[in-house]
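The residues making up each chain are set out below.
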Amino acid sequence: MQIGFKHLCIMIAIVIALILFSSFLCLIVLPSPKEIIESLRSSEMMFSLKLTLISALISTILVMIVGTPAAYALARFSFPGKKIIMTILDLPIAMPEVVLGLALLLLFGKTPLGTFLKYLGIRVVFTKIGVVVAEFFTALPYAMRTLYSTFETISARYELVARSLGYGAFETFMKITLPMARSGIIAALVIAFARSVGTFGTVLILAGGTYMVTETLPVTLYLNMSYGNLGMAITSGLLLLGVSFITIYMVERLGGRT
Amino acid sequence: MKSILLVKDLHVDLGEFKIEDITFTVDRGDYVCVIGPTGSGKTILIETIAGLYKPKRGSIILDGEDITDLPPEKRNIGIVYQDYALFPHMTVFDNIAFGLKKRISKKSEIIREVKTIAQKLGIEHILHRRPTTLSGGEQQRVALARALVVRPKLLLMDEPFSALDFKTRSRLRKLVRDVVSEYNTTVIHVTHDFEDVWSLANKVMVMYRGRILQYDTVEEVFNRPCSDFVADFIDINVMEGVVTCSNDKTIVRIGDLEIMSKDKVYEGSRVKVFIRPERVLILKYRPDKKFENILEGFVENIENRGSMIYVWARVNNILMKCAFTPNILNIVDFRIGDKVYLCFRSDDVRLFVFS
Ligand SMILES: Nc1ncnc2c1ncn2[C@@H]1O[C@H](COP(=O)(O)OP(=O)(O)OP(=O)(O)O)[C@@H](O)[C@H]1O
Ligand SMILES: [Mg+2]
């Protein structure tokens, strides 16, 4: 009985992996190489790729700048409202992206905050800034989860020892905590980048998914699918798949070491 | 000025746990061992002294300076943990030099200081290594070097030897004793091991439920535990009796036993009788030599605690604990149920009157 159950579980794992792998294979094998090269060289694809990489880079940097101290605070200190803050920051993970996009659209559109930003000349809705903002809020919770658990596993004792040796709180954070959190920070960075690149729903709603304006790779895939332009759609899919592979590879390469 | 640390009326509230009413002074060069059951607040006390927790009230004066509200980096207090807390991303050399870099800018001087302490602690040969590649004993010597090299006014140690094996532990104890006296460091050392108290401390603090039960010299605490709880905790035999005779020798009746003591107490007093387990000689035959007290009993339990063997013997209705070094087992073999003779001198019987 034991053996039978074990084999059944293994079978399920193998079958589901095979199905998934076949679908990736379709993406690579079915389109003709000529079609892909043509799509890659189209101005739309070049624009989309460039916008995706640049916006994801900016959003990742912002996520790390904001997420690192915030996650550190949540992992290390206790303060009133901490539980609520953690729940709110976690919520977007469970939330559909389109809902997050809609919420952000309303925040930056009709509220005093939106009006104030507009007054400063910063337009978020249906702009490239909107792309970055959408990616930022989608990626932040994922990066923060990783950062939080990283900081939590680093005992506060290291910090107390460093401080007892004469180092201030900020110096200790830079010289002890951050280097000790290195692998977790790299993992968070890669996750933030991957999430930023792959965000669809939030970008579509907040930034509008306009042809050659706020068009990122997932939007390219969607737009071309709806025009029946399969070659372009598959090409953007392949590029996104490539980013995912590189991401996983980087996590294993860089994140594995402590 | 004789005293270096003055803790007055210290209260720390951590929500689920508080330490309260902590007042004590430590003299320059003192070696204080803090003992007490697990969860009694020993770690919280020393971490408060180090500056991790903010006291609700009270004050901490170190070397004449009020450090109650100073951040840890301004206190000049060293700290050594059970799990060493060595910085894994630095070599042993950089770990030890870490605190020096804040104080000395000349590189050659830093190197010299690190080498000096490394030599004293026998770790010169591992300076280039990463902490994760070291044995527990080596790691603890590095942690000690890192804390001592900056010559702190006070060194705090939280169970520094408890993760080490028996042999390494006793070797490190010797090393600590030598280095600490050479640097003339004042130490507060939290421990569960009485061996640390015997071989290192001149003062003992007993903590329980966030309070100090007793704080005094080692002799005083072990000879005159201030309560049953302390007596029980420091592993001492406690009995209750009535003094029936008080001429040149005091005789105490405990149930149907009679025990002789040299302490002077009035006849008729109700007393607590304290006898240290290692002061009781346990034999299988009635000894020829005259002991003032020889009690007949039966072995009820034997416990080997590594450095000491404990034997509990029942004498009538009283359970007495004896302790001796494992060597004796080479000559005598004790088994549960054996008839034994418990022998001790009247000098070793402490009496305390209680009302
Ligand atoms: N930061 C904290 N906040 C709230 N409670 C704490 C905190 N740290 C420790 N405690 C609690 O305070 C109590 C005392 O802890 P402490 O670590 O000082 O005990 P200890 O005497 O050092 O025990 P042990 O001998 O096991 O090390 C424990 O019940 C612990 O759970
Ligand atoms: Mg402790």
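The numbers attached to residues start from 1 for each chain and follow its sequence in the written order. Chain letters and ligand numbers both follow the written order, the letters beginning at A and the numbers at 1. This being a predicted model, a pLDDT of at least 70 is required before a residue's local features are given, and a value of 80 or more before pairs of side-chain atoms are given or counted; all residues contribute to the totals for chains, interfaces and linings. Hydrogens and water molecules were not included; the side-chain quantities draw on all heavy atoms of the structure.

Notes on the overall build of chain A
As a reminder of what qualifies: Under the DSSP-based scheme used, a helix requires at least four consecutive residues in state H or I and a strand at least two consecutive residues in state E, with every element numbered from the N terminus. Any residue under 20% of the maximum accessible area for its type is buried, any over 50% is exposed, and the rest in between are partly exposed; the area is computed with a 1.4 Å probe on protein chains only. A contact between two residues is defined here by any heavy atoms of the two lying within 4.5 Å. Computed with a 1.4 Å probe, the accessible areas rest on the Shrake-Rupley method; for each residue, only the protein chains presented here act as cover. Think of it this way: Lys and Arg go in the positive column, Asp and Glu in the negative one, and His and the chain ends go nowhere. Lysine's charge is taken at NZ, arginine's at CZ, aspartate's at CG and glutamate's at CD.
Scanning chain A from terminus to terminus reveals 13 helices and zero strands. Seen in sequence order, chain A has helices and strands lined up from the N terminus as α-α-α-α-α-α-α-α-α-α-α-α-α. In terms of overall dimensions, chain A has a C-alpha envelope of 70 × 65 × 35 Å along the principal axes. Split into buried and exposed, the 258 residues of chain A put 41% on the buried side. At a minimum sequence separation of 6, the contacts of chain A that also span at least 24 residues come to 75%. Of the roughly 14,200 Å² that chain A leaves accessible, carbon and sulfur atoms contribute 75%. Computing the positive centroid from 19 side-chain charges and the negative centroid from 11, chain A places the two 7 Å apart.

What to know about the sheet that holds strand β7 (residues 154-158) of chain B
Residues and elements named next belong to chain B. Rule in force here: Should DSSP find at least two bridges between two strands, the strands are taken to pair. Fitted lines through C-alpha atoms serve as axes, helices being fitted only where they are in contact, and the angles separating the N-to-C directions of these axes extend from 0 to 180 degrees.
Overall, mixed pairing links the six strands, which are arranged β6-β7-β8-β3-β9-β10 in an open sheet. The open sheet has two edge strands with one neighbour each: β6 (77-81) and β10 (211-217). Each adjacent strand pair in this sheet contributes to an overall mean axis angle of 15 degrees, direction not counted. When strand β3 (residues 31-35) meets strand β9 (residues 203-208), the two strands line up parallel, connected through four bridges. Residue pairing across strands places V34 opposite M205, the latter belonging to β9. Running over the sheet, helix α4 (residues 136-148) touches β6 and β7 and is turned about 170 degrees from β6.

Digging into the site of ligand 1
Residues and elements named next belong to chain B. What counts is decided by this rule: If a single non-hydrogen atom of a residue is within 4 Å of a molecule or strand, that residue counts as near it. We define a polar contact as two N or O atoms separated by no more than 3.5 Å, with the added condition that, inside protein, one atom must be a possible hydrogen donor and the other a possible acceptor, whereas residues neighbouring each other in sequence contribute only through side-chain atom pairs. Lys, Arg, Asp and Glu make up the charged group, whereas Ala, Val, Leu, Ile, Met, Phe, Trp, Tyr, Cys and Pro make up the nonpolar group; the residues left over, Gly among them, are polar.
The full set close to ligand 1 counts 13 residues, and T38, G39, K42, T43 and H192 are the nearest of them. Within the backbone of S40, one N or O atom sits 3.1 Å away from an oxygen atom of ligand 1. At a separation of 2.7 Å, an oxygen atom of ligand 1 approaches a polar side-chain atom of K42. Taking 640 Å² as the accessible area of ligand 1 by itself, protein coverage stands at 64%. In the shell around ligand 1, the residues fall into four nonpolar, six polar and three charged.

Description of the packing of helix α3 (residues 43-76) of chain A against helix α10 (residues 182-198) of chain A
Residue and element names in this part refer to chain A. Inclusion rule: Every angle not falling under 35 degrees, over 145, or within 65 to 115 is termed oblique; those three ranges are roughly parallel, roughly antiparallel and roughly perpendicular. Here is the rule for handedness: rotate from the far helix to the near one, and if that takes an anticlockwise turn smaller than a right angle the crossing is left-handed, while a clockwise turn gives right-handed.
Closest axis-to-axis distance for the α3/α10 pair is 8 Å, and the angle between their directions is 140 degrees. When the interaxial angle is binned, α3 and α10 end up oblique. Where α3 crosses over α10, the handedness of that crossing is right-handed. Residues T52, L53, A56, L57, S59, T60, V63 and M64 of α3 form the contact with α10, whose own contacting residues are I185, A188, L189, A192, F193, S196 and V197. Among the residues forming the contact of α3 with α10, the class breakdown is eleven nonpolar, four polar and no charged.

Structural notes on the interface of chain B and chain A
We count it as follows: Two parts lose some accessible area (1.4 Å probe) when they are put together, and adding that loss for both gives the buried area. Salt bridge, as used here, is a side-chain nitrogen of Lys or Arg placed within 4 Å of a carboxyl oxygen of Asp or Glu.
Contacts between chain B and chain A engage 25 residues on the former and 17 residues on the latter. Taken together, the two surfaces of chain B and chain A that pack against each other cover about 1,900 Å², and 68% of this comes from carbon and sulfur. Of the charged contacts in the structure, one is a salt bridge between A:R157 and B:D83, with a shortest N-O distance of 3.4 Å. The set of elements that each furnish at least two residues to the side of chain B that touches chain A consists of α1 (42-50), β6 and α2 (92-103) of chain B. In terms of residue count, α2(B) provides more of the side of chain B that touches chain A than any other element does, five residues in total.

So, the pairing of strand β4 (residues 57-62) of chain B
All names here are of chain B. Note that strand β1 (residues 3-13) and β4 share five bridges and pair antiparallel. From the neighbouring strand, K8 faces β4, where its bridge partner is S59. Judged from the two bridges that link them, β4 and strand β5 (residues 65-66) form a sheet pairing that is antiparallel. Residue pairing in the sheet places L62 in a bridge with E65 of β5.

Here's the deal with the state of the cysteines
In plain terms, the rule: In this description, a disulfide is simply a cysteine sulfur pair whose atoms lie within 2.5 Å.
Scanning the model with the defined rule gives zero disulfides over all chains in all. No disulfide involves B:C322; its sulfur sits 9.2 Å from the nearest other cysteine sulfur, which is in B:C343.

Looking at the domain arrangement of chain B
All names here are of chain B. Short version of the rule: Start and end points for every domain follow an automatic or database-based domain assignment.
We note that the domain assignment places domain 1 (3-229) and domain 2 (235-353) within chain B. Taking the mean C-alpha position of each, domain 1 and domain 2 sit 36 Å from one another. Roughly 840 Å² is buried in total at the junction of domain 1 and domain 2, and carbon and sulfur atoms are behind 62% of that figure. At the boundary of domain 1 with domain 2, the tally comes to one salt bridge. A salt bridge links D228 to K272, with the nearest nitrogen and oxygen atoms 3.4 Å apart. Between domain 1 and domain 2 we count one residue pair in polar contact (both at pLDDT 80 or more) in total. Breaking the side of domain 1 that touches domain 2 down by element, the ones donating at least two residues are α6 (194-200) and α7 (218-223). Classifying every residue of the side of domain 1 that touches domain 2 by side-chain character gives four nonpolar, one polar and three charged.

So, the pattern of salt bridges
Overall, the coordinates contain 36 salt bridges over all chains when judged by the stated rule. Of the charged contacts, one joins B:E73 and A:R163 as a salt bridge, the two residues approaching to 2.7 Å between their closest N and O atoms. Highlighted residues: B:E73 in the loop between β5 and β6 and A:R163 in helix α8 (residues 156-164), drawn from two different chains. The buried category is assigned to B:E73, whose relative accessible area is 19%. A salt bridge links B:E296 to B:K339; the shortest N-O distance between them is 2.9 Å. Remark: B:K339 occurs in strand β19 (residues 339-344) and B:E296 occurs in strand β16 (residues 293-304); sequence separation between them is 43 residues. Looking at B:K339, the relative accessible area reads 38%, which means it is partly exposed. Counted as one network, the salt bridges with shared partners bring together B:K2, B:D27, B:D30 and B:K203.

Here's the deal with the sheet that holds strand β18 (residues 318-324) of chain B
All names here are of chain B. On the basis of which strands lie adjacent, the open sheet formed by five strands has the order β15-β19-β16-β17-β18 and antiparallel pairing. Since the sheet does not close on itself, it has two edges, and those belong to β15 (281-283) and β18, each with one partner. Averaged over all pairs of adjacent strands, the angle between their axes in this sheet comes to 40 degrees, without regard to strand direction. Sheet topology places β16 next to β19; six bridges connect them, and they run antiparallel. Note that in β19 the partner of I294 across the bridge is C343.

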